[in-house]
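Examination of the molecular architecture
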Number of protein chains: 2
Amino acid sequence: MSRAKPGPADRSITVGSDFLHLDVAEAPPGGRAAWLADRLRAAIADGRLPVGSRLPAGRVLAAELRVSRGVVTEAYQRLGDEGHVAGRGRGGTVVVSAPAVPAPATPEEPPAPGDVFIAEPGAAVFDLLRSAPARIDLSPGVPDLGAFPRAAWLRAERSVLGALATPELGYGDPRGTFPLRRAVAHWLARTRGIRADPADVVVVAGTAQALGLVARVLSGHGIGEVAVEDPGSLGARQHLRHAGVDTPPVAVDTQGLRVDELRALGAPAVLLTPAHQFPTGVVLGGGRRRDLMRWAGEGGLVVEDDYDAEHRYDRPPVPALRAALPDGVFYCGSVSKLLAPALRVGWVLAPPRYRDALVDAKRYADLGNAALPQLVLAHLLETGDMERHLRLLRGRHRRRRDAMISAIRTHLPGAAVHGAAAGLHLMVTFDAPLSDRELAAAALDRGVKVQPLSWHRHRPGPPGLVLGYAASTPGAIGEGVAVLGEVLDAATPGRRRRRTAEP
Amino acid sequence: MSRAKPGPADRSITVGSDFLHLDVAEAPPGGRAAWLADRLRAAIADGRLPVGSRLPAGRVLAAELRVSRGVVTEAYQRLGDEGHVAGRGRGGTVVVSAPAVPAPATPEEPPAPGDVFIAEPGAAVFDLLRSAPARIDLSPGVPDLGAFPRAAWLRAERSVLGALATPELGYGDPRGTFPLRRAVAHWLARTRGIRADPADVVVVAGTAQALGLVARVLSGHGIGEVAVEDPGSLGARQHLRHAGVDTPPVAVDTQGLRVDELRALGAPAVLLTPAHQFPTGVVLGGGRRRDLMRWAGEGGLVVEDDYDAEHRYDRPPVPALRAALPDGVFYCGSVSKLLAPALRVGWVLAPPRYRDALVDAKRYADLGNAALPQLVLAHLLETGDMERHLRLLRGRHRRRRDAMISAIRTHLPGAAVHGAAAGLHLMVTFDAPLSDRELAAAALDRGVKVQPLSWHRHRPGPPGLVLGYAASTPGAIGEGVAVLGEVLDAATPGRRRRRTAEP
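Residues numbered from 1 in each chain as written. Chains lettered and ligands numbered in written order. Predicted model: local features only at pLDDT ≥ 70, side-chain atom pairs only at ≥ 80, totals over all residues. Heavy atoms only, no water.

1. Details of the overall build of chain A
Counting its regular elements, chain A contains 17 helices and 16 strands. Relative to the compact-globule value of 23 Å for 503 residues, chain A shows a C-alpha radius of gyration of 31 Å, a clear excess of over 25%. Summarising its shape, the C-alpha atoms of chain A cover approximately 95 × 60 × 45 Å along the three principal directions. The buried share of chain A, reckoned over its 503 residues, is 59%. (Helix = DSSP H or I, 4+ residues; strand = E, 2+ residues; numbered from the N terminus. Rg over C-alpha atoms; globule rule 2.2 N^0.38 Å. Buried < 20%, exposed > 50% of the residue type's maximum accessible area, 1.4 Å probe, protein only.)

In structure tokens form, the structure reads like this:
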């Protein structure tokens, strides 16, 4: 049944239902006032009811539409609340402002592949690299995501949702849920030699957030400088700088961070990756470790980024620095390399004198991590699911590492391989007549994504590549490294002949 | 079988397996080197092997323990890597540093109830209030958490985990996953009159993070002042200030923010809650709305905190300010009042000229929200589960609101009730011979948790309470308000008689 049969008055009204193409049959049951307000608002927006024009009197429009007077009154009231119309007493209801028409949205343009390597790497560099299309992705930083324990996660989630107390869905402790803080304390004791109380653990949104929070805490205590490894993670340096601290470089050699250089620099704090240096893969030597501990004992502050310490292939990982010096070490870990970066969960242990400031920083950052994924993760850690997953990963990663080393021997015979004992990536260096950024750009043009070592250098050094193997199959790794070999050969005339002579 | 039968050499070694109580039978199969390193490390830590002492020669200890020489070599190597021992050539292997013994953990002490109201509210005030024990919790800010759609959440999670592409588990777009940004754009169009493109939506960790990010973006553009409502959310003010902007107050009256005061103040930006002012519950009047839009059109920036706009009981909510002025409004919303604060998910739309800076701020904050909960939420939004949940909540909340209003009429007959048309809380004001903080402290001593209005005031004003009703049953609400009445009566001798005369 149409409710919009023309009534007797419709011809005499200039601005009315006819002019506005109002058809009350379109209105959902019980939603006529909202519908009428929507239609009038649209008419105001597109100029059919310009500012200054008068709406029909309520009783007239109600009769015309065959709706109750209340429907029209409520629609006018809504438009009045929104500021579009105003009552003018005997002057009726007048349009006083139009809704804005938003500017057309800019389409999401994919960047041209290779462009990412031309300019100096900026804030969005990793987003650009990620969104560049590629057939084979050998960029470092992710574990085998195909092995993510989806079934175990869902089981744990079901168990968590079943057992959850209602208040746990409210605002929570900014340090994180107690079950996860306890599970992390146990995990760190078992795997990293750290003795920590759950009260010391602050759950954060990954190492990126950890570094930002630590930098803000240090700034707040008058520390405006955190020395970093060279080469060392570009991303980590960007996060520290954005949080307002300077990042002077300290060289890394085959024993890890040059503690003598750190001393000479006089920086009050240092960020390092002692268990598996990024990107070189070096483990901090025992002598360096002692020397660093001495430096910390004299008042230096250590920020320990323990990003992939669990992935050691030859023997158990060296315990964390934090295990030896809880008063001098901010310890940062995460599940990004254990499970998946998309979970955005990590943890920080602060030296006791900075703990409250760290909790404040986390509170002001976001009031604490989301509760459900924390509880699911606690479940995985405490039931042994995480340990099983890590064992599975180690086997898969080791095979992928071996595939990459073998492919490098075949296709990049002149390259030196660094850091094969642990982790999710290799570093290769080589002599080449082109920069590593040019090499990475040429590889991306051929569908293979890698990171140039120079991104992670502060000071000039030999060219190289940082190659992730954990997230690709042995076949893809072989193909990808072969493409790198072709690109390098094409740039090195003498080498092409040499390679074709090989079996 | 015990592997620790005493060998022929055991009596002749001073620092050896006997002295160290080494029993290789304790070692897990295949883990002897790690076990031996652990035991030696423990002995170094507790002083049985002090710094300067010499470890037994490898072949001697191996023979004594009846393990292979390689096991001992590897254990010594580990301790060397850790910096605890060092080879001294013919001098053997010497202990050079001891692991630290962490200070005993401080127990997590619950604060004394009522203490939270004594001092000026500091950074941890809401954490203190939350952790104070109480029988009945009438603090505002949470919906009915008992109604959280656990089954729908788990169903959606199963569906998400089943359909997830592997790369979605890696690092992602700092703005959030596309499915959630699209679902939020649709949701905002349907419920808040906002036309937005998914590219404009930045998913954040709740409104707390939103305010911090917006404040940093504004600071970065030279805007160091954001006017706020008075009374207005203490938490919001704390977050802005922590992020480095000043927060001069602008009065709120029965029509909402006094735009004339804002103009006179000359602040470049303002944070407000136009759909349902916190804590007064006022809806910004049509005239004020127009006036604010004019102020924004002249260059003023609006930060719209749309924290509980969906919970309107009498009629559909007024569209967001953002709908009328996308170029001048930062829009912040979240699921904290729709589903649960523990999810830590919200969204921000920035004016186009600030969009890139907002994305940078989110990237540096945490590289983007966790992916799985975003995808689950997108599922709930697009399948209609969220709308069903909201309808369920509205009915429950309305009954709880009615229960609270009726309890206030009975037990606080002299109090004025504000903001009953929408939201999850009421504000009550009253004449009393004690401050609202004293009242809140006395109520907490009797097991009822409420927030004093003065927490949310910048400038002095009449005492009052902010009372959340959404998260408590009608019975608990009645009981809690009765306790407030008793506390107020006890402080007001004349009132007690008046109340006992009532039916």
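After that view, the rundown keeps rolling.
2. Regarding the side chain of R237(B)
Residues and elements named next belong to chain B. Turning to its location among the elements, R237 is positioned in helix α8 (residues 234–242). Buried and unpaired, R237 has D230 as its nearest opposite-charge partner, separated by 6.6 Å. Apart from the residues lying within four places of it in its own chain, the contact partners of R237 are V228, G232, T247, W455, H456, R457 and H458. (Lys, Arg positive; Asp, Glu negative; His and termini not counted. Salt bridge = Lys/Arg side-chain N within 4 Å of Asp/Glu carboxyl O. Contact = heavy atoms within 4.5 Å.)

3. Concerning the packing of aromatic side chains
Inspection of every chain in the model, using the stated rule, returns 10 aromatic pairs over all chains. With 5.4 Å between their ring centres and 35 degrees between their planes, F330(A) and Y354(A) make a pair best called tilted. Of this pair, F330(A) sits in strand β10 (residues 329–334) while Y354(A) sits in the loop between β11 (346–349) and α12 (355–366), placing them 24 residues apart in sequence. Pair check on accessibility: F330(A) and Y354(A) agree, each one buried. Plain terms: the ring middles of F278(B) and Y307(B) are 5.9 Å apart, the flat faces sit at 85 degrees to each other, and that makes the pair edge-to-face. Linking F278(B) in the loop between β8 (269–272) and α10 (286–297) with Y307(B) in the loop between β9 (301–305) and α11 (321–324), this pair joins segments that are 29 residues apart in sequence. An aromatic cluster is built from F117(A), F126(A) and W455(A), whose rings are joined through pairwise contacts. (Phe/Tyr/Trp six-rings, centres within 6.5 Å; stacked < 30°, edge-to-face > 60°.)

4. Focus on the sheet that holds strand β16 (residues 464–468) of chain A
Read from one edge of the open sheet, four strands run β12-β13-β16-β15 (chain A), paired in antiparallel fashion. The sheet is open, and its two borders are formed by β12 (416–418) and β15 (451–452) of chain A, each paired with just one other strand. (Pairing = 2+ DSSP bridges.)

5. Let's talk about the interface of chain A and chain B
Size of an interface, as often reported, equals the accessible area lost when the parts are brought together. Tallying the contact residues gives 93 residues for chain A and 93 residues for chain B. Carbon and sulfur atoms supply 58% of the area that chain A and chain B bury against each other, a total of about 7600 Å² over both sides. Here chain A and chain B share two salt bridges between them. Among the salt bridges present, the one from R363(A) reaches D127(B), with a minimum N-O distance of 2.6 Å. On the surface where chain A and chain B come into contact, there are 29 residue pairs in polar contact (both at pLDDT 80 or more). Per-element tally for the side of chain A that touches chain B: the top contributor is helix α5 (residues 150–163) of chain A, with seven residues. (Buried area = accessible area lost by both parts, 1.4 Å probe. Polar contact = N/O pair within 3.5 Å; in protein donor to acceptor, adjacent residues only side chain to side chain.)

6. Description of the relation of the copies chain A and chain B
With an RMSD of 0.1 Å, chain A superimposes on chain B once it is rotated by 180 degrees and translated 0.0 Å along the axis. Interpreted geometrically, this transformation is the action of a two-fold axis. Most of the interface of chain A is mirrored in chain B, where 100% of its interface residues again form contacts. (Least-squares fit on C-alpha atoms with pLDDT ≥ 70 in both.)

7. Some points on the environment of L390(A)
All names here are of chain A. Structurally, L390 can be placed in helix α14 (residues 385–411). Residue L390 is classed as buried on the basis of its relative accessible area of 4%. Measuring from C-alpha to C-alpha, the distance between L390 and H311 comes to 8.2 Å, with 79 residues separating the pair along the chain. If we skip the residues at most four places from it in the chain, L390 touches W187, E310, H311 and L338.

8. Description of the sheet that holds strand β5 (residues 227–230) of chain B
All names here are of chain B. Read from one edge to the other, the open sheet built from eight strands follows the order β4-β11-β10-β9-β8-β5-β6-β7, with strand pairing classed as mixed. Strand pairing shows two members of the sheet lacking a second neighbour, β4 (201–204) and β7 (256–257), which therefore form its edges. Relative to strand β11 (residues 346–349), β4 runs antiparallel, the two sharing four bridges. Residue pairing for β11: V203 is matched across the bridge by W347.

9. As for the domain arrangement of chain A
In terms of domains, chain A is made up of domain 1 (10–95), domain 2 (113–142 + 388–501) and domain 3 (150–383). Here domain 1 of chain A and domain 3 of chain A have C-alpha centroids that lie 60 Å from each other. (Domains from an automatic or database assignment.)

10. Some points on the environment of L272(B)
Residue and element names in this part refer to chain B. Checked against the element boundaries, L272 lands in strand β8. A residue is classified by how much of its surface remains accessible, and L272, at 1% relative accessible area, is buried. C-alpha separation for the pair L272 and A134, spaced 138 residues apart in sequence, amounts to 31 Å. Beyond its immediate stretch of four places on either side in the chain, L272 contacts E229, L257, L284, L292, V302, V303, E304, D305 and L321.

11. Regarding empty space enclosed by the protein
For the coordinates displayed, the defined rule picks out seven cavities of 30 Å³ or more. Its volume calculated, the largest cavity comes out at about 260 Å³. Lining of the largest cavity is provided by 20 residues; of these, R216(A), A365(A), L213(B), R216(B) and A365(B) occupy positions nearest its centre. Considering only residue class, the lining of the largest cavity consists of 10 nonpolar, eight polar and two charged. Surrounding the second largest cavity, 21 residues form its lining, R344(A), N369(A), A370(A), N369(B) and A370(B) being those nearest its centre. When grouped by side-chain class, the residues that make up the lining of the second largest cavity number 10 nonpolar, six polar and five charged. (1 Å grid on protein atoms, 1.4 Å probe; cavity = no way out; pocket = protein on both sides within 12 Å on 5 of 7 lines; lining within 4 Å. Points joined across faces, edges and corners; volume = space filled by probe spheres on them. Nonpolar A, V, L, I, M, F, W, Y, C, P; charged D, E, K, R; others polar.)

12. A closer look at the pattern of salt bridges
Residues and elements named next belong to chain A. Applying the stated criterion across every chain yields a total of 54 salt bridges over all chains. A salt bridge links E82 to R41; its shortest N-O distance comes to 2.7 Å. Note that E82 is positioned in the loop between α3 (69–81) and β1 (85–87) and R41 in helix α1 (residues 32–45), a separation of 41 residues in sequence. Its relative accessible area of 16% is what places R41 among the buried residues. Counted as one network, the salt bridges with shared partners bring together D38, R41, R78 and E82.

13. Describing a positive patch on the surface
Taken together, R155(A), R158(A), R155(B) and R158(B) make up a surface patch of like positive charges. Elements with a minimum of two residues in the positive patch: α5 of chain A together with α5 (150–163) of chain B. (Patch = residues over 30% accessible without salt bridge, like charges linked within 9 Å, V, L, I, M, F, W, Y side chains within 5 Å. Areas by Shrake-Rupley, 256 points an atom, 1.4 Å probe, with all protein chains shown as cover. Charge placed at Lys NZ, Arg CZ, Asp CG, Glu CD.)

14. A few points about unusual backbone geometry
Negative phi is the rule for most residues except glycine; trans is the rule for most peptide bonds. Residue and element names in this part refer to chain A. Following F278, the chain continues to P279 via a peptide bond in cis, the omega torsion being 5 degrees. Tracing the sequence through the fold places P279 in the loop between β8 (269–272) and α10 (286–297). If you check the backbone angles, R66 has positive phi at about 60 degrees while not being a glycine. Tracing the backbone shows R66 in the loop between α2 (58–65) and α3. A residue is classified by how much of its surface remains accessible, and R66, at 46% relative accessible area, is partly exposed.

15. Observations concerning helix α16 (residues 474–491) of chain B
Spanning 18 residues, α16(B) covers 26 Å between terminal C-alpha atoms, matching the ideal 26 Å at 1.5 Å per step. Within α16(B) the residues assigned to the buried category are A476(B), I477(B), G480(B), V481(B), A482(B), V483(B), L484(B), G485(B), V487(B), L488(B) and D489(B). (Expected span 1.5 Å × (residues − 1).)

16. Regarding the nonpolar core
One finds F148(A), W153(A), V335(A), F148(B), W153(B) and V335(B) to be the most contacted residues of the largest nonpolar core, which totals 81 residues. Excluding residues within four positions of it along the chain, F148(B) makes contact with L161(A), L169(A), L372(A), W153(B), L339(B), A340(B), L343(B) and H389(B). (Core = buried A, V, L, I, M, F, W, Y, C linked by side-chain atoms within 4.5 Å.)

17. A few points about the environment of P341(A)
Assignment of secondary structure puts P341(A) in the loop between β10 and β11. Given the relative accessible area of 0%, P341(A) is considered buried. Linking P341(A) and V142(A), residues 199 residues apart in sequence, is a C-alpha distance of 7.0 Å. Leaving out residues up to four positions away in the same chain, P341(A) has contacts with G141(A), V142(A), P143(A), L145(A), S336(A), L169(B), G170(B) and Y171(B).

18. Quick word on the packing of helix α14 (residues 385–411) of chain B against α16(B)
Residue and element names in this part refer to chain B. At their nearest, the axes of α14 and α16 sit 9 Å apart, and the two run at 25 degrees to each other. One element, α14, and the other, α16, form an angle in the roughly parallel class. Taken as a pair, α14 and α16 cross one another with a handedness that is right-handed. Packed against α14, whose contacting residues are R400, A403, M404, A407, I408 and H411, the element α16 presents P474, I477, G478, V481, A482 and G485 at the interface. When grouped by side-chain class, the residues that make up the contact of α14 with α16 number eight nonpolar, three polar and one charged. (Axes fitted to C-alpha atoms, helices over the stretch in contact; angles between N-to-C directions. Parallel < 35°, antiparallel > 145°, perpendicular 65-115°, else oblique. Left-handed = near helix turned anticlockwise from the far one by under 90°.)

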